[in-house]
Amino acid sequence: MASVAKMPNNAANNNKQHVTPPHSSKTTGTGGAVSVRSKTPSSRRSLTPNSRSYTRHNDDDAESGRVRVAIRLRPKNTEEILSDGDFFDCVEPQPELNKLKLKKNNWSSEYYRFDEVFTESASQKRVYDAVAKPVVEGVLNGYNGTIMAYGQTGTGKTYTLGKLGKDDTSERGIMVRALEEIISGASSASDSIEISYLQIYMESVQDLLAPEKVNIPIVEDPKNGEVSVPGAAVVNIQNVDHFLNVLQIGEANRHAANTKMNTESSRSHAILMVSLRRSVSDKEENDTSSVLVGGRVIPTVRKSKLLIVDLAGSERLDKSGSEGHLVEETKFINLSLTSLGKCINALAENSPHIPTRDSKLTRLLRDSFGGSARTSLIVTIGPSSRHHAETASTIMFGQRAMKVVNYVKLKEEFDYESLCRQLENQIDVLTKEVDRQQKSKDDNTFRLENNLKECQNSFEETKRSLIARCELLEMDKSQLELKLKDIINDLNSQKNHNDLVCKEVERLETSSKYCESLEKEKSRLESEIKDVLEELEYQKNQNNLLHDEIARLELGLEHNKQYEVETSTYKKVLADTTQMYEKKITELMSQLEDEREHSISVEKQLTSMESLLSQHQKSMEQYQIERATYQKALAETTQMYEQKNSELVRKLADEHARCTGLEEEVVLLKQASTDHQISLQTRLGDELQSVREALSLEEKRRKTVEKELISIKNAVPESEDDFEDKRPSMKENIARGSKTGAPLGLHNSNKSREVNNFQRTTIAKICEEVGLQKILTLLQSSDLDVQTHAVKVVANLAAEDINQEKIVQEGGLDALLILLRTSQNTTLLRVASGAIANLAMNEPNQALIMGKGGAALLAHTASKTDDPQTLRMVAGAIANLCGNEKLHLLLIEQGGIKALLGMVRSGNNDIIAQVARGIANFAKCESRAITQGHKKGRSLLMDGVLSWLLANSNTASISTRRHIELALCHLAQNEENTKDFMTSGGVNQLSKISVDSSREDIRDLAKKILRLNKSFKAVLQQ
């Protein structure tokens, strides 16, 4: 596992090691039977004395050789669902960014980047494609590879790697999928696939395929440093079914035990070793620098090895509950994992010494980390906050592993024996080919001679037929010449006829010129005649074209008859056209007569228009008379307004005189006011002096308070997130039969827990010295900074159960509610809401908060702020109050549920998650009360809340969706809500939850409801 420096390309190409490949005998099984052989050293050498092998280095950069690390989140199991189902998960995967969010508590979190991040819903195929497929492809190309799973016990390592999936192929793990791809990519004729399956149990290497073999030694080659296990059984794999049988035998021999953390906890590290020997194709040989023997390329083979390592999970004795022999197993497991972690740390820090010999696990994985193998590591974690420390340690292991860089190498060996076999086969093929070509040559000679005779006979026959055809052509030529003379005579006669037609056209032109001398009213007729002339001219052009056509027809004897038909048709068309134009001329004459009649009607209309004009002139004279009347009325109106204006001027003068008198009175009043002000200043001076003396006393008291505040500031953390809800997860108090609500915080790491314990101790000490009553008094201080630090101290004290009763007795709850009612400062509102949320986790405090109108104040605070952190605190407080069934009616009356739904407007995922948690608490308590017979009737959440739950049931947030699914299932248990579910589409959503929910308990609850409710069952059957 030693670190390897990257060599230059030219050095890598020239670095060839000459090693004689070892050979060993093997026994191959048939069908599905398992055949094994021992890896015993052999001194047998290749039959060819010049056999040699060399190693070719890869040219990939450091990033391609870096250990790739993926992280996979396991879904919650049944125990976690029952114990902390209503609390936050400590991790939040962000696969689209390849990031993982680790929450220390509800307000503090850290982000870690990995090569791949898988949620609890990721399929086995997706995990294989992203993590293992590149490594397997490298193995097929001749590179060594390692795929390893690391994580806490019970997080799904064996499921990810070794799941057989015989009943459901989609559940198959990386081992089966990797062998499937290797078998499909290898050639059964020239390639071989061998596997060994080992386990490291209590620092002893044991063979899972031959259980009688224990304490198998690990051998290291002194020449090339390769690590091997020669005493392990080796199986030659024939197909996938054969491999499944072998893997099942090995899994049956693996050590496992039942612990509190996992019912089938692996007690050993399992290592599947796959050895692949492949022949290099001709194309690949040509692409590389190959060695020639007698002008031929020496065939090469590639040997690669794949390690799939299923590590045993790390565990703590206090959590796993191990006893007796299991304790010894746990010690050895943690010891080997610690050694692996030391090696990873040393490689990540480029340490000169790598402690690979500390354990047998690190010796076997020497080539996987810092060696020449291409390595992928999948880290598995659980979502529960109870194992926050183990989850954080697993994540940090993956982060350090990402810094390790391997030097990937390609190993090839010359295959002289294969070359000899190829040459012998080729000689046989060439001999057969020569015989076949000689026989083919004789056959071709005989066939060509026959073809030559046939061609000569065919030539004689063709010559005779050509002579006969020439004689027929001569006879046809004489006949065509006679026909041509006849056609020329016919064309001449046609030409004379066309000349007569042209003369007729000229006569028509003369007649048209005569018509031009007619009256001007016949202009339209002239235009029509011109059109006729244009048509005639066009006809003339057509005649010219006809002459050209005749000339062309003289050259083609075959088209003579068709031309005669076209000529006769043309004559007929010309006659028809002439007759048509004569008809048009007659029509134009009749239209001219109509035009004359129209002219007469126009003259009559002109006469009527003149009469209308005279009438219009008379109306204009009448308008002028009316205009004179209006001008007279305007003059009279102007005179009347001038009189009114003079009266207004007179009134304005009187008003001015009255204002002068008022100004004199104002001067007198100002003088009297000055005298009164002097006397008032004297009295105020005396009062000011007394106030100054009181302020000096207050200043002394303030300095005393500031000294006490300095000590409080030193104890209070600067981050606003540190005071808010540091309490651990709380379980449901079954003895009291009430739900006290889920806390807003999560487990911190050991280091942060120690800091918080120190802060709590310091705050408690200051509280004893200063006094809780004095700290609560500071909540009413006029200094905002003093108020802020005081309320932070109270919030930190409220996070502990031991302090809550004292805070309530000293009036701390009343002071916090007063802050909510009176303060407008966002920080004060946020901190006060967080403190009330902590107090609301105690059932007696819940009744006090509701009795003092706390839910109404929280609803009012939510309505007057848009700060996401404040809204999250308010939502958390109301969600805790929802966990008390006795307060449900009062909570609705004070507007708590309405305010809870109203906070959805922010769109913040954390706020929406708190809203969903509160509704789930409400529905769960209500469902329990109905089941126990304490309550009957329709749910209080049906109006408004059910529609919101259905609308957001497919949200992307896993936590929010889980709470919504729980709320819907609890509401559906009440038969009085059946009608609402059927009308709103809730039945279909329940059916979807029973299939698609990520939680098994929720799916089972939904299935149970659908099975027991007859109305729901009828809706689904439709």
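Summary of the structure given here. Since the model is a prediction, treat every value here as computed from it, not as a measurement.

1. Points about the pairing of strand E3 (residues 68–73)
Of all 6 residues in E3, 5 are buried, a share of seventy percent or more. Where E3 meets strand E20 (residues 374–381), 6 bridges bridge the pair, whose relative direction is parallel. Opposite Ala70, over in E20, you have Ile378 as the bridge partner.

2. Looking at the side chain of Asn845
Checked against the element boundaries, Asn845 lands in helix H22 (residues 843–851). A relative accessible area of 6% means that Asn845 is categorised as buried. Residues within four places of Asn845 in sequence aside, it is in contact with Gln804, Val808 and Leu839.

3. A word on a nonpolar patch on the surface
A surface patch of nonpolar side chains, amounting to about 240 Å² of accessible area, comprises Leu889, Ile892 and Leu940. For Ile892, the position within the fold is in helix H25 (residues 888–893). With a relative accessible area of 33%, Ile892 lands in the partly exposed category.

4. Describing helix H24 (residues 868–881)
For H24, with 14 residues, the first-to-last C-alpha span of 20 Å sits near the 20 Å given by 1.5 Å per residue. Counting buried positions along H24 gives 12 out of 14 residues, so the element sits mostly inside the fold. Those residues of H24 lying buried are Thr870, Leu871, Arg872, Met873, Val874, Ala875, Gly876, Ala877, Ile878, Ala879, Asn880 and Leu881. On its buried face, H24 is in contact with helix H21 (826–839), H22, helix H23 (854–863), H25, helix H26 (896–902) and helix H27 (909–931).

5. A short note on empty space enclosed by the protein
Taking a probe equal in size to a water molecule and rolling it over the atoms shows the remaining empty space. Scanning the model with the defined rule gives 7 cavities of 30 Å³ or more in all. What the largest cavity holds in volume is close to 110 Å³. Lining the largest cavity are Leu73, Arg74, Pro75, Lys76, Asp89, Glu120, Pro383, Ile958, Ser959, Arg962, Ser998 and Arg999. When residues in the lining of the largest cavity are grouped by element, the largest group, 3 residues, is from helix H29 (residues 958–972). Of the residues contributing to the lining of the largest cavity, the split by class is 4 nonpolar, 2 polar and 6 charged.

6. Things to note about the sheet that holds strand E6 (residues 109–113)
What the 3 strands build is an open sheet, ordered E4-E5-E6; its pairing is antiparallel. The open sheet terminates on both sides in strands that have one partner only, identified here as strand E4 (91–94) and E6. On average, adjacent strands in this sheet sit at an angle of 20 degrees to one another, irrespective of strand direction. Sheet topology places strand E5 (residues 99–103) next to E6; 5 bridges connect them, and they run antiparallel. Of the residues in E6, the one forming a bridge with Leu100 is Tyr112. Across the sheet, helix H12 (residues 388–401) touches E4, E5 and E6, and the angle it forms with E5 is around 150 degrees.

Calculation notes
In this numbering scheme, every chain counts its residues from 1 along its sequence in written order. Restriction of local features to residues with pLDDT of at least 70 applies here, the model being predicted, together with a cutoff of 80 or more for giving and counting side-chain atom pairs; totals for whole chains, interfaces and linings are based on all residues. Heavy atoms throughout the structure, all of them, feed into the side-chain values; hydrogens and water do not. Partly exposed describes any residue whose relative accessible area lies between the buried limit of under 20% and the exposed limit of over 50%, with all areas from a 1.4 Å probe on protein chains only and scaled to the type maximum. Under the DSSP-based scheme used, a helix requires at least four consecutive residues in state H or I and a strand at least two consecutive residues in state E, with every element numbered from the N terminus. Pairing between strands is defined by DSSP: at least two bridges between the two strands are required. Between two residues, a contact is recorded if the distance between any of their heavy atoms is within 4.5 Å. Note that patches include only residues with greater than 30% relative accessible area and no salt bridge, and the join distances are 9 Å for like charges and 5 Å for nonpolar side chains (Val, Leu, Ile, Met, Phe, Trp, Tyr). Only the protein chains shown count as cover for residues, and the accessible areas themselves come from Shrake-Rupley with a 1.4 Å probe. Throughout this description, the term salt bridge denotes a Lys or Arg side-chain nitrogen within 4 Å of a carboxyl oxygen of Asp or Glu. Here, expected helix span is obtained from the residue count minus one, scaled by 1.5 Å. Here a cavity denotes grid points, spaced 1 Å and computed from the protein atoms alone, that fit a 1.4 Å probe unable to get out, and a pocket denotes an open set having protein on both sides within 12 Å along at least 5 of 7 lines; residues with an atom within 4 Å of a point are the lining. Grid points are joined across faces, edges and corners, and a volume is the space filled by probe spheres set on the points. Charged residues are taken to be Asp, Glu, Lys and Arg, nonpolar residues to be Ala, Val, Leu, Ile, Met, Phe, Trp, Tyr, Cys and Pro, and polar residues to be all remaining types, Gly included. Axis definition: a line fitted to C-alpha atoms, limited for helices to the stretch in contact. Angles are taken between N-to-C directions and run from 0 to 180 degrees.

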